[in-house]
Amino acid sequence: MKVIKKLLLILFITFGALFFVYFWNMDQKLMEWAYRRVNEIFDRKKADINF
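All figures in this text were calculated on a predicted structure; none of them were measured in a lab.

Visitor: Would you mind showing me how to read the overall build of the protein chain here?
Guide: A tally of regular secondary structure across the protein chain gives two helices and zero strands. Of all 51 residues assigned to the protein chain, the portion counted as buried reaches 0%. By element, 71% of the accessible surface of the protein chain is carried by carbon and sulfur atoms, the whole surface being about 5700 Å².

Visitor: So what exactly am I meant to see when it comes to the packing of aromatic side chains here?
Guide: Here the distance between the centres and the angle between the planes together describe a pair of aromatic rings. One pass over the structure, following the stated rule, counts one aromatic pair. The interplanar angle of 20 degrees and the centroid separation of 6.5 Å between the aromatic rings of Phe15 and Phe19 together place this pair among those described as stacked. Of this pair, Phe15 and Phe19 both sit in helix H1 (residues 2-23), separated by four residues, roughly a single helical turn. Residue Phe15 is classed as exposed on the basis of its relative accessible area, which comes to 58%. Relative accessible area serves as the criterion here: at 47%, Phe19 is assigned to the partly exposed category.

Visitor: It is not clear to me how the pattern of salt bridges should be interpreted in this structure. Could you clarify?
Guide: Should their charged atoms come close, side chains of opposite charge can pair. By the definition in use, this model includes two salt bridges. With a closest N to O distance of 2.7 Å, Glu32 and Arg36 form a salt bridge. On the criterion of helical spacing, the pair formed by Glu32 and Arg36 is a turn pair, its members being four residues apart in helix H2 (residues 26-43). Judged by its relative accessible area of 49%, Arg36 falls in the partly exposed class. Notably, a salt bridge pairs Glu40 with Arg37, separated by 3.3 Å at the nearest N-O pair. Residue Glu40 and its partner Arg37 are located together in helix H2, separated by three residues, close to a single helical turn. Residue Arg37 is classed as partly exposed on the basis of its relative accessible area of 32%.

Visitor: Is there a simple way to explain H1 in this structure?
Guide: In an α-helix there are 3.6 residues to a turn, and that puts residues three or four apart on one side. The end-to-end C-alpha distance of H1 is 31 Å, a good match for the 32 Å that 22 residues give at a rise of 1.5 Å each. Across the 22 residues of H1, zero count as buried, placing the element largely on the outside. Where H1 terminates, the next one or two residues include Asn25, which has phi positive at roughly 60 degrees.

Procedures and definitions
Residues numbered from 1 in each chain as written. Predicted model: local features only at pLDDT ≥ 70, side-chain atom pairs only at ≥ 80, totals over all residues. Heavy atoms only, no water. Helix = DSSP H or I, 4+ residues; strand = E, 2+ residues; numbered from the N terminus. Buried < 20%, exposed > 50% of the residue type's maximum accessible area, 1.4 Å probe, protein only. Areas by Shrake-Rupley, 256 points an atom, 1.4 Å probe, with all protein chains shown as cover. Phe/Tyr/Trp six-rings, centres within 6.5 Å; stacked < 30°, edge-to-face > 60°. Salt bridge = Lys/Arg side-chain N within 4 Å of Asp/Glu carboxyl O. Expected span 1.5 Å × (residues − 1).

Structure below.
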């Protein structure tokens, strides 16, 4: 019985975390933040164009 309770608790916590991320659309907000940081890093570099 303890194993079933632990399993259900883990499933409920996982479901709650996934619902929270989905509901608040945090995955896209996180990716937007990451893209901005990457663009800041690469926009600072000089273009190396040798034709």
